[in-house]
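Given next are the chains, with one letter for each unit.
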Amino acid sequence: MPKKPRVLSGMRPTGRIHLGNYEGALKNWAAIQDNYECFYMVADWHALTDNTDTTGLPSEILDMVIDWLVVGLDPVRSTLFVQSQVREHAELHLLLSMVTPISWLERCPTFKELYRSEKERASLSYGRLGYPVLQAADIIIYKAKFVPVGEDQVPHLELSREITRRFNRIFGKVFPEPQPLLTKTPRLLGTDRRKMSKSFNNYISITASPDEIAERTMGMITDVKRIYLHDAGHPDECNVFAIHSLYDAAGRMEEIHRDCIAGTLPCADHKKELGDMLAGFLRPLREKREKIAADTAQIHDILRDGTEKARTVAKATMEEVREKCRVGNFGDIF
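What this report covers is the structure whose coordinates are included nearby. (Residues numbered from 1 in each chain as written. Predicted model: local features only at pLDDT ≥ 70, side-chain atom pairs only at ≥ 80, totals over all residues. Heavy atoms only, no water.)

## Observations concerning the pattern of salt bridges
Basically, it comes down to this: We count a salt bridge whenever a side-chain nitrogen from Lys or Arg sits within 4 Å of a carboxyl oxygen from Asp or Glu. Helical segments are the DSSP runs of H or I of at least four residues, strand segments are the runs of E of at least two, and each set is numbered from the N terminus.
A full pass over the atoms with the stated rule returns 23 salt bridges. For R77, the salt bridge identified is with D74, shortest N-O distance 3.1 Å. The partner of K225 in a salt bridge is E237, with the nearest N and O atoms 3.1 Å apart. Here the residue K225 occupies a position in the loop between α11 (210-218) and α12 (239-247), and E237 occupies one in the loop between α11 and α12, the gap between them amounting to 12 residues.

This is the structure we're talking about:
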């Protein structure tokens, strides 16, 4: 039987996941488990680049992994592990940092977006600047052939590919160049029309209670061009319509589209319908979460077993890397 191509992806632990996480990554992670050898990483070191307060990190990791299992990640078909428990990532990150020009990191889209001014750059840590180097180490230490990304993330992966090529050219080929496994990610904004994010508090958790869902949906910004109740609406520009379209099992969107344009469907009524629909759609996930969360020892076992498997692969890779780099392997000298 042919060996499945290996995939690596990860997510920073921020606790329970929301619809943006689900549509943007996890839905696809679950879908590809049968066709790829999947390694899914809790990126706790990466979390430190934005927030060095780690007091809540253990509970956030636990909450996130529980939700991974809720949406269908299967520890039998995929390897779920914690980044910081595979210390070889840090060693490879160090070696890659020796061959990565600073100019490459400064042209990274995220860097240019966040650190335009001298004042912003003055507060920049090496960890934030070197984030893409650690990201490259995360991927290639498993010799992953593919990384599932949306089209907007391809430039970030290209930097990992450049770092890989440079390392292979200097020390000899060790790593395959990771390829993007393009995934279609629907346009899903937060309740305030910005990117759905916990930092903006504009998200809808996949395991939210009906009351929480109702509060979030009723507070959503809708059609900004519709000023008065009976004005013609613009459903194709409305975030409530966009989210409703993703989860409409009742076939209501054509009617809603028509009534919105005609100005006969009040936005408040549509938001209430969206809230009721989401509460029904998410109920099985919420109930599944209650069962999984009742056995935290099982979650610890899953992460322990997955991390051990990841560590075995990473150790083998680093033995090869040390031999190529002629550092760290000194036989009986020491």
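## A look at the packing of aromatic side chains
Note the following rule: Only rings of Phe, Tyr and Trp enter the pairing, Trp through its six-membered ring, and a pair is recorded when the two centres are within 6.5 Å. The plane angle decides the type: under 30 degrees is stacked, over 60 is edge-to-face, the rest tilted. Burial classes follow relative accessibility: with a 1.4 Å probe on protein chains only, a residue under 20% of its type's maximum area counts as buried, one over 50% as exposed, and anything between as partly exposed. Any Lys NZ or Arg CZ found within 6 Å of a ring centre and within 35 degrees of that ring's normal is scored as a charge over the ring.
Inspection of the entire model under this criterion finds nine aromatic pairs. Residues F39 and F81 carry aromatic rings whose centres are separated by 6.4 Å and whose planes lie at 75° to one another, so their mutual orientation is edge-to-face. With F39 in strand β2 (residues 37-42) and F81 in strand β3 (residues 78-82), this residue pair connects regions lying 42 residues apart in the sequence. Centre to centre, the rings of Y247 and F281 are 4.7 Å apart; their planes meet at 50°, and the pair counts as tilted. Taken together, the residues span a long stretch of sequence, with Y247 in helix α12 and F281 in helix α14 (residues 267-293) at a distance of 34 residues. Judged by relative accessible area, which is 6%, Y247 ranks as buried. Exposure remark for F281: the relative accessible area of 34% places this residue in the partly exposed category. Directly above the aromatic system of F200 lies the positively charged group of R194, at a separation of 3.9 Å from the ring centroid.

## Thoughts on the nonpolar core
Note that soluble globular proteins tend to have their nonpolar side chains buried in a common cluster. What counts here: Buried Ala, Val, Leu, Ile, Met, Phe, Trp, Tyr and Cys residues that are joined via side-chain atoms within 4.5 Å together make up what is termed a nonpolar core. Contacts were defined at the residue level, with two residues in contact if any of their heavy atoms lie within 4.5 Å.
In terms of nonpolar packing, the biggest core is built from 54 residues, with L19, L26, W68 and I206 touching the most fellow members. In terms of residue count, the dominant contributor to this core is helix α3 (residues 57-70) (eight residues). Leave out the neighbours within four places in its chain, and L19 touches L188, M196, I204, I206, Y247, L278 and L282.

## Considerations on the pairing of β3
This is how the line gets drawn: DSSP bridges decide pairing: two strands pair if at least two such bridges lie between them.
For β3, the buried fraction is high: five of the five residues fall into the buried class. The alternating pattern of β3 places S78, L80 and V82 and T79 and F81 on opposite faces, both of which are buried. Where β2 lies against β3, five bridges are found, and the strand directions are parallel. Across the sheet, the residue bridging to F39 is T79, located in β3.

## So, the side chain of T191
With respect to the helices and strands, the residue T191 is situated in the loop between β5 (179-182) and α11. Those residues in contact with T191 that sit more than four places away from it in its chain are N202, I204, R216, G219, M220 and I221.

## Focus on α3
The cut-off we apply is this: The span expected for a helix works out to 1.5 Å for each residue beyond the first.
Here α3 contains 14 residues, and its C-alpha end-to-end distance of 20 Å stays within 8% of the 20 Å for a straight helix at 1.5 Å per residue. Turning to α3, its buried residues are L57, I61, M64, V65, I66, D67, W68, L69 and V70. Once α3 finishes, G72 follows within two positions and takes phi at roughly 115°, a positive value.

## Thoughts on the packing of helix α4 (residues 88-97) against helix α15 (residues 296-325)
In plain terms, the rule: Orientation is described by lines fitted to C-alpha atoms, with helices fitted over the stretch in contact, and by angles between N-to-C directions that extend from 0 to 180 degrees. Angle categories are assigned with fixed cut-offs, so that under 35 degrees is roughly parallel, over 145 is roughly antiparallel, 65 to 115 is roughly perpendicular, and the rest are oblique. Handedness of a helix crossing follows the sense of rotation of the near helix relative to the far helix, less than a right angle counterclockwise being left-handed and clockwise being right-handed.
Contact geometry for α4 and α15: axes closest at 9 Å, N-to-C directions at 30°. Regarding the angle of α4 to α15, the classification is roughly parallel. As α4 runs across α15, the sense of the crossing is left-handed. For the pair formed by α4 and α15, the contact residues are E88, E91, L92 and L95 on the first element and R311, A314, K315, M318, V321, R322 and C325 on the second.

## Observations concerning the environment of E287
As for its placement among the helices and strands, E287 is situated in helix α14. Residue classification places E287 among the partly exposed residues on the basis of a relative accessible area of 43%. For the pair formed by E287 and T207, sequence separation is 80 residues and the distance between their alpha carbons is 8.3 Å.

## Concerning the pairing of β2
Burial of β2 is extensive: six of the six residues sit out of reach of the surface. Both faces of β2 are covered, namely the face carrying E37, F39 and M41 and the face carrying C38, Y40 and V42. Inspection of the sheet shows strand β1 (residues 6-11) paired to β2 by six bridges, in the parallel sense. Its bridge partner being in β2, R6 is matched across the sheet by E37.

## Describing helix α9 (residues 131-140)
For α9, the tally of buried residues reaches nine of 10 residues, placing the bulk of the element in the interior. Every buried residue of α9 is accounted for by Y131, P132, V133, L134, A136, A137, D138, I139 and I140.

## Side note on the packing of α12 against helix α13 (residues 253-262)
At a closest axis distance of 10 Å, the pairing of α12 and α13 adopts a crossing angle of 165°. It follows from the interaxial angle that α12 and α13 lie roughly antiparallel. Seen from above, α12 lies across α13 with left-handed handedness. Where α12 abuts α13, its residues F241, H244 and S245 lie against M253, I256 and H257.

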